Structures are given as structure tokens and as C-alpha cells.
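Topology and contacts: notes
What follows is each chain in one-letter form.
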Number of protein chains: 2
Amino acid sequence: MATQIRDVVEQYVKLVGSGPTEDIVALYAPDAIVEDPVGTPPKRGHEAIREFYEVIAALDRETELRPEDVRIAGNQAAFPFTIVTKVGGQRFVLSPIDVMEFDEEGRITGMRAYWSQEDMRVEPE
Amino acid sequence: MATQIRDVVEQYVKLVGSGPTEDIVALYAPDAIVEDPVGTPPKRGHEAIREFYEVIAALDRETELRPEDVRIAGNQAAFPFTIVTKVGGQRFVLSPIDVMEFDEEGRITGMRAYWSQEDMRVEPE
């Protein structure tokens, strides 16, 4: 289970950095719930989740996950990762901590992302 | 709210490294729930939480929190920290990711710790 969860986490971060959206959505169970960031209205189900990831699909972006930062406990995982989006000659750097829950088939049933605007760093490209 | 949450997180990690237990317990709301690690039976309420922290109270230990690693979103926080316990000439090093939820008075209403045995590193003292 832990190996499968770790594998999905690595796939997830890689796909968030490169897409396609449909492959990200396919990592989620059909009735999964995404709350990103925590405190905002949750998106439930593939359609709402697809819409959510479509927003970043058009952006020039890259992600980084340090495998040694991933923590797995029971059927859940928590991990910090970094996403850099490049817009208008600037790099927007954000390192959320994501928490995910998985079903027995290794599909993500819930994702909550911990970050706020003040964690966003803006750098010249 | 975010400032208050950050302050409690910093107090919490400091107290886990030094005690006393009663001061850790006082950071929790009376009916708070602790699940540490995630996947184990939750402890509910001050008495169960006190018992939980009493286990480490007798150990020679220290903790470290990097303030820049703390993520706050809504009334919740997620943060990695490191706890080192020294037993029998060895150092047991563990860096869980903790997720906490807070009430309006800044008391912890829930704590979930993400780690497993394989995240424990043993070093000579």
C-alpha cells in the first residue's frame, strides 16, 4: 500500500508540472474531493476536479518533489512540493503541503492543500 | 488568526521538545482529537491526550521547527518538524508532518501526524 501511495504521489506531482489534465484526473476516484487551498469550497467529482486543473493547464510550469519529504501513514500521505509557474516574465514559486487519502485501488479519494497567498514568492525569470 | 495559529504551532513544537506535559495539553481544546500516527486509534479529550504525551515526557529529547516550513490555510496548519529522542546511547530522529485544526480561540481541536516506522532514523549519539 505504502509503495503504491508513494508511486501515485510521484506521478501526481509530475503530472501537475506537465499534464495532461486528464491523466491528473485519472489519479482520482470518481467521487473524490479536492480542497485547494484548505478553507475554500471543496470540488467534488471528476468534472469539478478537471475544471480545477484546467486552470493551470495553459500555464508554463514545473514542479519538484523531494522523495525524502513524503510521509505515508495508513492510507494517507502528506508531502510538500514546489510548483513554479512562469507568467509575464515572472516566476511564481509556491510550496504547498498536500495531504491525500487513498482507496484500496490506490486512487486519490481526497486531497487538501495547505498554503496561503503569503507563501507565494515572486521572482524575476 | 494565522498569526495566532503560527504562534501555537511554535509553542507546541517547543513544548514537545521540553515539556511540561500539562502545557502541551493546555494547547488543546477539551474535546480535541489526536491521531498520531494517522491510521492508529484516535485519542479524544485531555485525559487521553495527556497519557499520550506522558510517554515522551520521561525521555531526553529535543525538537526543531523551521518557521518557513509552516503552512497555514483557513483554520488549519500543516508543518514538518523534527524530534530527536536519546535512548541508550542512540539518537532516534523522526520528522513527521503534523496537520492541526484550530478553534476560534486558537486552541487545537485536532492533530494528525503523518509518519511511519520507516521514517525513523537511528544514529549513534
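So, a few notes on the structure that sits alongside this text.

Quick notes on the rules
- Residue numbering note: each chain is counted from 1, following its sequence as written.
- Here every chain gets a letter starting at A, and every ligand a number starting at 1, in the order they are written.
- Local features in this predicted model are restricted to residues of pLDDT 70 or higher, and side-chain atom pairs are both shown and tallied only at a pLDDT of 80 or more, whereas totals for entire chains, interfaces and linings draw on every residue.
- Derived side-chain values reflect all non-hydrogen atoms in the structure, with water molecules and hydrogen atoms excluded from consideration.
- Side-chain atoms within 4.5 Å link the members of a nonpolar core, which is a set of buried Ala, Val, Leu, Ile, Met, Phe, Trp, Tyr and Cys residues.
- Between buried and exposed lies partly exposed: a residue is buried under 20% and exposed over 50% of the maximum accessible area for its type, with that area taken using a 1.4 Å probe on protein chains only.
- Secondary structure follows DSSP: runs of H or I at least 4 residues long count as helices, runs of E at least 2 residues long count as strands, and numbering of each begins at the N terminus.
- In this description, contact between two residues means that some pair of their heavy atoms is separated by no more than 4.5 Å.
- Least squares is used to superpose the copies, and the fit set is the C-alpha atoms of residues whose pLDDT is at least 70 in both copies.
- When a carboxyl oxygen of Asp or Glu lies within 4 Å of a side-chain nitrogen of Lys or Arg, that pair is called a salt bridge.

**Description of the nonpolar core**
All names here are of chain B. By size, the foremost hydrophobic cluster in this structure holds 30 residues, and its most contacted members are V9, Y12, Y28, Y53, F79, I108 and M111. When residues of this core are traced back to their parent elements, those giving at least two are α1 (2–18), α2 (21–25), β1 (28–35), α3 (45–57), β5 (76–80), β8 (97–102) and β9 (108–114). The element contributing the most residues to this core is α1, with seven residues. The residues contacting Y28, other than those within four sequence positions of it, are Y12, V34, H46, I49, Y53, R107, I108 and M111.

**Some thoughts on the relation of the copies chain A and chain B**
Screw-axis analysis of chain A against chain B gives a translation of 0.0 Å along the axis, an RMSD of 0.0 Å, and a rotation angle of 180 degrees. Such a turn and shift between the copies fits a two-fold axis. Most of the interface of chain A is mirrored in chain B, where 100% of its interface residues are also at the interface.

**Structural notes on the pattern of salt bridges**
Counting across every chain of the model gives 16 salt bridges over all chains. Between R107 of chain A and E105 of chain A there is a salt bridge whose closest N-O contact spans 3.7 Å. E105 of chain A gets classed as exposed once you look at its relative accessible area, which sits at 57%. A salt bridge links R66 of chain B to D69 of chain B; the nearest nitrogen and oxygen atoms lie 2.9 Å apart.

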